[in-house]
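Read off the chains here:
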Amino acid sequence: MAFALLTSVPPVFGLYTSFFPVLIYTLLGTGRHLSTGTFAVLSLMTGSAVERLVPEPLSGNLSGIEREQLDAQRVGAAAAVAFGSGALMLGMFALQLGVLATFLSEPVVKALTSGAALHVLVSQLPSLLGVPLPRQIGCFALFKTLAAVMTALPRSSPAELTISALSLALLVPVKELNVRFRDRLPTPIPGEIAMVLLASVLCFTSSLDTRYNVQIIGLLPRGFPQPLLPSLAELPRVLADSLPTALVTFAVSASLASIYADKYNYTIDSNQELLAHGVSNLVSSLFSCFPNSATLATTSLLVDAGGNTQLAGLFSCLVVLSVLLWLGPLFYYLPKMFFQMRELPQLWRTSRVDFAVWTVTWVAVVTLSVDLGLAVGVVFSMMTVVCRTQRVQCLALGLAEGTELYRPLRESHKLLQVPGLCILSYPAPLYFGTRGQFRRILDWHLGLGEGGKGAPKTDGPPGAAAEPVRVAVLDCSGVTFADAAGAREVVQLASRCRDAGIHLLLAQCNASVRGTLTQAGLLDRVTPEQLFVSVQDAAAHALERLELSGPKTCTVWV
């Protein structure tokens, strides 16, 4: 019900969204420990779309009938977003696009949920303080809401403020106790349930709704709504909101399912997850549900409670069903205000790039909006990947003494280097963005220049390789793919090496790269005998060409 209020629809629709999607995912999903239903990030994104599509009248004073009409329009808009996101996920399933989940990296997802949590907190401040304020949408909505709350603070309700303070005073210590003594407690202390009961009893016995104008949930309709197809006329208007909603739904659900699948040694099918969540959102939208996905908090609670299969979702459905059919009146007097980075140092030590991705995504989510922040995070994450391919280093290799392994010469091990032989490893994709860097690095190592053959460079001690390069081995095991521009660069390198009197050998090209190089005309510059399946084979051929019999003539670096 809290997430329904966050979505700007009546609370009962939160119960519907906690029933139908859970039931459907139990039948179709592959995540055994996954709990689905309402999710704060999706509720926040959907609420922003609903407020934009069906804004509150400027007058603010609505009659009962006008309020019902406004709620009905907002429910329809939220259901249309769910319908659109479900249809998009089914389309992604038909195209087998489960791999798209990889483009939302872990720092992006964590920063998204953390930034969205701040949005959720700020959006609940008016209810916590008892200050009725219009919802802010668009960029900088968080700061606009804070400014409006500060301006309206003198008009806050003492009764709602007192209930909020007492609720937090109970919930925070109970949560801390559950975390600290998790291993000693047979079951977590149900602080939330106790708070719901106490708040409802207090509001009922003290008549806070009539005496102090405290907003309450009100009557929850019994049963289920009639199936209704969302207005197809709304779909073009909500398409821009359905796409990020579908991506966030799938990314969060797939990543969360993968975490627990790795932990408990089973596998999930990302494309089947697309089908499960697509059908879940599409079918539940017919019952006026808003977008849903896997939920972080309830999944953690489910695992802690011992749930090991999708059947655990059926028991939660039974609880929601009992509320919808029989227990709904007990929540009549529940006050609305009751609802509502510790990993960063480790992330900084592990990867500065991932830390930057987290920071940029979090700042974008907080300052702009959840959907725009998601887009900024994905784009920035992809830019870091491109930038890292631009900064790759081509490594000169040497033979580790007493082995057949070739290691970078920069390592402080005993390595053997043959005069006249240069073995290079290029560990990056070869495409239009890296072709210039590839040319510069290879020319530098092999002593190739515009004026002809120059002095070759080395990663070893100064003056260690005075003899010009006669044979060069290019280890292509790190080249995962090559486009037409990159393939042409390799062909041109072969031509420059031939003109400079350097015999070029290629080793460990995968089938895709080898096919692209062949189509680009590599075999017009080199013979098939210059292509090898391993660096060791290429080096052995190079030694024969250099007429060396063994490592006794090699220079040893320590």
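For the structure itself, look to the data block above.
Attention in this report is confined to the structure presented alongside it.

### Topic: the overall build of the protein
- For the protein, the count of helices and strands is 22 helices and 12 strands.
- Of all 558 residues assigned to the protein, the portion counted as buried reaches 47%.
- Split by element, the accessible area of the protein, about 27700 Å² in all, is 63% carbon and sulfur.

### Focus: the nonpolar core
- Within the largest apolar cluster, 37 residues are counted, with the highest numbers of intra-cluster contacts made by Tyr-426, Leu-442, Leu-446, Leu-474, Leu-493 and Leu-506.
- Among the secondary structure elements, those contributing two or more residues to this core are β3 (395-400), β6 (421-425), α19 (435-446), β9 (471-475), α20 (484-499), β10 (503-507) and α21 (511-519).
- Other than its neighbours up to four places away in sequence, Leu-474 contacts Leu-424, Tyr-426, Phe-438, Leu-442, Leu-493, Leu-505, Leu-506 and Ala-507.

### A closer look at helix α18 (residues 370-390)
- Between its terminal C-alpha atoms α18 stretches 30 Å, which fits the 30 Å expected from 21 residues at 1.5 Å a residue.
- Within α18, the full set of buried residues consists of Val-370, Gly-373, Leu-374, Gly-377, Ser-381, Thr-384 and Thr-389. Burial along α18 is one-sided: seen end-on, the buried residues are contained in an arc of 160 degrees.
- Where α18 is buried, its residues contact α4 (40-53), α6 (106-123), α12 (235-263), α17 (352-367) and α19.

### A word on the packing of α6 against α17
- Closest axis-to-axis distance for the α6/α17 pair is 8 Å, and the angle between their directions is 30 degrees. Taken together, α6 and α17 sit at an angle that is classed as roughly parallel. Between α6 and α17 lies a crossing whose hand is right-handed. Of the residues in α17, those in contact with Pro-107, Val-108, Lys-110, Ala-111, Leu-112, Ser-114, Gly-115, Ala-116, Leu-118 and His-119 of α6 are Asp-354, Val-357, Trp-358, Thr-361, Trp-362, Val-365 and Val-366.
- Split into classes, the residues belonging to the contact of α6 with α17 amount to 11 nonpolar, 4 polar and 2 charged.

### A few points about the packing of aromatic side chains
- The tally for this structure, following the rule as stated, stands at 7 aromatic pairs.
- A ring pair is formed by Phe-20 and Phe-287, whose centres lie 4.3 Å apart and whose planes are at 15 degrees; its orientation type is stacked. Residue Phe-20 is found in helix α3 (residues 20-28), and its partner Phe-287 is found in the loop between α13 (270-285) and β2 (293-294); the two are separated by 267 residues along the sequence. Phe-287 carries the same exposure label as Phe-20, and that label is buried.
- Each member of the aromatic cluster is reached from another via a ring pair, and the members are Phe-19, Phe-20 and Phe-287.

### Section: the pattern of salt bridges
- Scanning all chains against the criterion turns up 6 salt bridges.
- Arg-74 serves as the salt-bridge partner of Glu-51, at 3.2 Å between the closest nitrogen and oxygen. Placement of Glu-51 in helix α4 and of Arg-74 in helix α5 (residues 64-94) is noted, with a sequence separation of 23 residues between them. Each of the two residues, Glu-51 as well as Arg-74, counts as buried.
- Salt bridges sharing partners connect three or more residues here, namely Arg-435, Arg-439, Asp-443, Glu-489 and Arg-496.

### Looking at α4
- Between its first and last C-alpha, α4 extends 20 Å over 14 residues, near the 20 Å set by a 1.5 Å rise per residue.
- Of all 14 residues making up α4, 12 are buried, and the element is well covered by its neighbours.
- Considered for burial, the residues of α4 that qualify are Ala-40, Val-41, Leu-42, Ser-43, Leu-44, Met-45, Thr-46, Gly-47, Ala-49, Val-50, Glu-51 and Leu-53.

### Some remarks on unusual backbone geometry
- Of note, Asn-265 is a non-glycine position whose phi angle comes to about 60 degrees, a positive value.
- Tracing the sequence through the fold places Asn-265 in the loop between α12 and α13.
- Look at Asn-265 and you get exposed, because its relative accessible area is 70%.
- The phi angle at Gln-508 is positive, at roughly 60 degrees, despite the residue not being glycine.
- Along the polypeptide, Gln-508 turns up in the loop between β10 and α21.

### Some details on the pairing of β10
- Counting buried positions along β10 gives 5 out of 5 residues, so the element sits mostly inside the fold.
- On β10, burial covers both faces: His-503, Leu-505 and Ala-507 on one face and Leu-504 and Leu-506 on the other are all buried.
- Where β9 lies against β10, 5 bridges are found, and the strand directions are parallel. Opposite Ala-472, over in β10, you have Leu-504 as the bridge partner.
- As for the winding sense of the linkage, the β-α-β connection from β9 through α20 to β10 is right-handed.

### Observations concerning a nonpolar patch on the surface
- Nonpolar side chains collect at one region of the surface, where Val-99, Leu-100, Phe-103 and Met-382 lie side by side and expose about 310 Å² of accessible area between them.
- In this structure, Leu-100 sits in the loop between α5 and α6.
- Looking at Leu-100, the relative accessible area reads 31%, which means it is partly exposed.

### Side note on the environment of Ile-24
- With respect to the helices and strands, the residue Ile-24 is situated in helix α3.
- Ile-24 sits in the buried class, given a relative accessible area of 13%.
- Residues Ile-24 and Val-283 lie 259 residues apart in sequence; the distance between their C-alpha atoms is 8.5 Å.
- In contact with Ile-24, not counting residues within four places along its chain, are Ala-276, Val-279, Ser-280, Val-283 and Ser-284.

### A short note on the state of the cysteines
- Under the counting rule described, the total for this entry stands at 0 disulfides.
- Free cysteine Cys-394: the closest other cysteine sulfur is in Cys-422, separated by 7.9 Å.

### So, empty space enclosed by the protein
- Taken as a whole, the largest cavity encloses approximately 80 Å³ of empty space.
- Secondary structure elements with two or more residues in the lining of the largest cavity: β9 and α21.
- Class assignment of the residues belonging to the lining of the largest cavity gives a composition of 11 nonpolar, no polar and 1 charged.

Conventions we followed
Residues numbered from 1 in each chain as written. Predicted model: local features only at pLDDT ≥ 70, side-chain atom pairs only at ≥ 80, totals over all residues. Heavy atoms only, no water. Helix = DSSP H or I, 4+ residues; strand = E, 2+ residues; numbered from the N terminus. Buried < 20%, exposed > 50% of the residue type's maximum accessible area, 1.4 Å probe, protein only. Areas by Shrake-Rupley, 256 points an atom, 1.4 Å probe, with all protein chains shown as cover. Core = buried A, V, L, I, M, F, W, Y, C linked by side-chain atoms within 4.5 Å. Contact = heavy atoms within 4.5 Å. Expected span 1.5 Å × (residues − 1). Arc of directions from axis to C-beta. Axes fitted to C-alpha atoms, helices over the stretch in contact; angles between N-to-C directions. Parallel < 35°, antiparallel > 145°, perpendicular 65-115°, else oblique. Left-handed = near helix turned anticlockwise from the far one by under 90°. Nonpolar A, V, L, I, M, F, W, Y, C, P; charged D, E, K, R; others polar. Phe/Tyr/Trp six-rings, centres within 6.5 Å; stacked < 30°, edge-to-face > 60°. Salt bridge = Lys/Arg side-chain N within 4 Å of Asp/Glu carboxyl O. Pairing = 2+ DSSP bridges. Right-handed = clockwise from strand over helix to strand, strands pointing away. Patch = residues over 30% accessible without salt bridge, like charges linked within 9 Å, V, L, I, M, F, W, Y side chains within 5 Å. Disulfide = S-S within 2.5 Å. 1 Å grid on protein atoms, 1.4 Å probe; cavity = no way out; pocket = protein on both sides within 12 Å on 5 of 7 lines; lining within 4 Å. Points joined across faces, edges and corners; volume = space filled by probe spheres on them.

Just distances and angles here, no functional claims.
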